[in-house]
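# Summary of the model geometry
Chain residues, written in single-letter form:
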Amino acid sequence: MVQIAPSMLAADFLHLENDVDIVNKYADLFHLDIMDGSFVPNISYGFPVVEAIAKKAAKPMDAHLMIVHPENYIEKFADTGVDMLSFHLNAVDNADQILDRIRALGMHPGLAINPDIPVENLFPYLEKCDYVLLMSVFAGFGGQKFIEDTYDRLAALKKEIRRQGTDCLVQIDGGVSTSNASKLISYGADILVAGSAVFQSDDPAGVITAMRG
Ligand code: DX5
Ligand code: ZN
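The sections below set out a description of the structure shown in this document. Here the structure is a predicted model, which is why all the values come from computation and not from measurement.

## Points about the pairing of strand S6 (residues 131-135)
- S6 sits mainly inside the fold: five of its five residues count as buried.
- Every second residue of S6 is oriented toward a common face, with Tyr-131, Leu-133 and Met-135 on one face and Val-132 and Leu-134 on the other, all of them buried.
- Across four bridges, the pairing between strand S5 (residues 108-113) and S6 is parallel. By the bridge assignment, Ala-112 is partnered in S6 with Leu-133.
- Bridge analysis of S6 against strand S7 (residues 169-173) gives five bridges, and the strand direction is parallel. In the sheet register, Leu-133 faces S7, and the bridge partner there is Gln-171.
- One crossover worth recording links S6 to the parallel S7 by way of helix H5 (residues 150-164), and it is right-handed.

## As for unusual backbone geometry
- Here His-69, not a glycine, exhibits a phi torsion of approximately 55°, which is positive.
- The residue His-69 is located in the loop between strand S3 (61-66) and helix H3 (74-80) in this model.
- In this structure His-69 comes out as partly exposed when scored by relative accessible area, which is 44%.

## Observations concerning the site of ligand 1
- Surveying the vicinity of ligand 1 reveals 20 residues, the closest of which are Asp-33, Gly-140, Asp-173, Gly-195 and Ser-196.
- Here an oxygen atom of ligand 1 sits 3.2 Å away from a polar atom, N or O, in the side chain of Ser-7.
- Contacts to ligand 1 include Gly-175, whose backbone N or O atom sits 2.8 Å from an oxygen atom.
- When ligand 1 sits alone it has 380 Å² of accessible area, and the protein chains cover 99% of it.
- Within the residue set of the shell around ligand 1, elements represented by two or more residues are strand S2 (30-35), S3 and strand S8 (191-194).
- A per-element tally of the shell around ligand 1 places S2 first, with three residues.
- In terms of residue class, the shell around ligand 1 is built from eight nonpolar, 10 polar and two charged.

## Regarding the pattern of salt bridges
- Taken as a whole, this structure holds eight salt bridges when the rule is applied.
- Of the charged contacts in the structure, one is a salt bridge between Asp-28 and Arg-212, with a shortest N-O distance of 2.8 Å. You can see Asp-28 sitting in the loop between helix H1 (16-26) and S2 and its partner Arg-212 sitting in the segment after helix H8 (204-211), a full 184 residues away along the chain.
- Residue classification places Arg-212 among the partly exposed positions, given a relative accessible area of 22%.

## Some words on the packing of aromatic side chains
- Considering all chains together, one arrives at four aromatic pairs under this definition.
- Where Phe-47 meets Phe-77, the ring centres are 4.6 Å apart and the plane angle is 50°; that geometry is what we call tilted. Of the two residues, Phe-47 sits in helix H2 (residues 47-56) while Phe-77 sits in helix H3, which places them 30 residues apart along the sequence.
- When its relative accessible area of 2% is taken as the criterion, Phe-77 is described as buried.
- Ring geometry for Tyr-151 versus Tyr-187: centroids 5.3 Å apart, planes at 45°, classification tilted. In this pair, Tyr-151 is assigned in helix H5 and Tyr-187 in the loop between helix H6 (181-186) and S8, connecting sequence segments 36 residues apart.
- Among the aromatic side chains, those forming a connected cluster through ring pairs are Phe-146, Tyr-151 and Tyr-187.
- The positively charged end of Lys-76 is found above the aromatic ring belonging to Phe-47, 5.0 Å away from the centroid.

## Describing the side chain of Glu-160
- For Glu-160, the location among the structural elements is in helix H5.
- If near-sequence neighbours (up to four positions away) are discounted, Glu-160 is found in contact with Phe-123 and Leu-126.

## Topic: the coordination of the zinc ion (ligand 2)
- Around the zinc ion (ligand 2), the protein supplies His-31 (NE2), Asp-33 (OD), His-64 (ND1) and Asp-173 (OD) as donor atoms, at distances of 2.0 to 2.2 Å.
- Taken together, the six donor atoms coordinating the zinc ion (ligand 2) span angles of 70 to 169° at the metal, a pattern that classifies the geometry as octahedral.
- The sequence motif formed by the donor residues of the zinc ion (ligand 2) is H-x1-D-x30-H-x108-D. Here Asp-173 lies in strand S7 and His-31 lies in strand S2, a separation of 142 residues in the sequence.
- Accessibility expressed as a relative area gives 7% for Asp-173, which makes it buried.

About the criteria used
- Residues numbered from 1 in each chain as written.
- Chains lettered and ligands numbered in written order.
- Predicted model: local features only at pLDDT ≥ 70, side-chain atom pairs only at ≥ 80, totals over all residues.
- Heavy atoms only, no water.
- Buried < 20%, exposed > 50% of the residue type's maximum accessible area, 1.4 Å probe, protein only.
- Helix = DSSP H or I, 4+ residues; strand = E, 2+ residues; numbered from the N terminus.
- Pairing = 2+ DSSP bridges.
- Right-handed = clockwise from strand over helix to strand, strands pointing away.
- Near = heavy atom within 4 Å.
- Polar contact = N/O pair within 3.5 Å; in protein donor to acceptor, adjacent residues only side chain to side chain.
- Areas by Shrake-Rupley, 256 points an atom, 1.4 Å probe, with all protein chains shown as cover.
- Nonpolar A, V, L, I, M, F, W, Y, C, P; charged D, E, K, R; others polar.
- Salt bridge = Lys/Arg side-chain N within 4 Å of Asp/Glu carboxyl O.
- Phe/Tyr/Trp six-rings, centres within 6.5 Å; stacked < 30°, edge-to-face > 60°.
- Lys NZ or Arg CZ within 6 Å of the ring centre and 35° of its normal.
- Contact = heavy atoms within 4.5 Å.
- Donors = N, O, S within 2.8 Å, 3.2 Å for Na, K, Ca; no water.
- Tetrahedral: all angles 85-135°; square planar, octahedral: opposite > 155°, others 65-115°.

Written out as structure tokens, the structure is:
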């Protein structure tokens with residue numbers, strides 16, 4: 001069963017509690033995009049917002065770190081109550097150790113790659129990951145157009161996960177909507193992240209339900 005993870009980057013920050021309630025009622029996870037203006041050319045939000053969401057979140061929180069030195073913030077995310085923590089393979093040079101530290105702190109470790117990074121680069125780490133995050137746009141901004149190449153990348157990744165016999169889930173992030181969700185599910189996507197498709201809709205609950213297929 002696919003999980004739907006609305007990206008809170010697209011939420012209405014003046015009425016954040018309304019959008020938190022929508023996720024609590026209709027979705028599976030809170031996707032929290034953390035951008036530092038260095039690993040990606042944009043700045044999103046930090047701990048005060050994550051802590052505010054944590055107070056009302058009845059579903060697990062999934063933080064997606066698009067930052068340099070993610071290893072410096074792992075304890076802080078654990079303290080904040082984050083359940084799933086991913087960082088970008090290309091932001092670090094010791095992914096193995098960081099994945100282990102995330103797990104040791106009781107969170108599910110995830111590894112992310114941008115669309116220009118070969119999926120093969122993830123293969124050595126699949127055993128240590130509870131999920132991998134395949135970007136279907138270049139990390140940094142919500143509201144971008146889905147890159148069609150993602151289907152082939154997803155298929156190759158799922159094939160290797162089956163070959164290795166691991167339980168690693170695959171999360172797809174960027175430009176996901178009701179128009180591509182069912183195809184992504186048929187290719188084996190386990191978690192669909194959607195920001196603008198959910199929160200720019202007049203009917204977020206309907207969009208989330210429709211995306212489940
Ligand atoms: C992009 C983020 C995504 C983004 C998704 O860097 O990782 O999570 O917010 O937003 P949409 O669904 O609007 O592409
Ligand atoms: Zn994200």
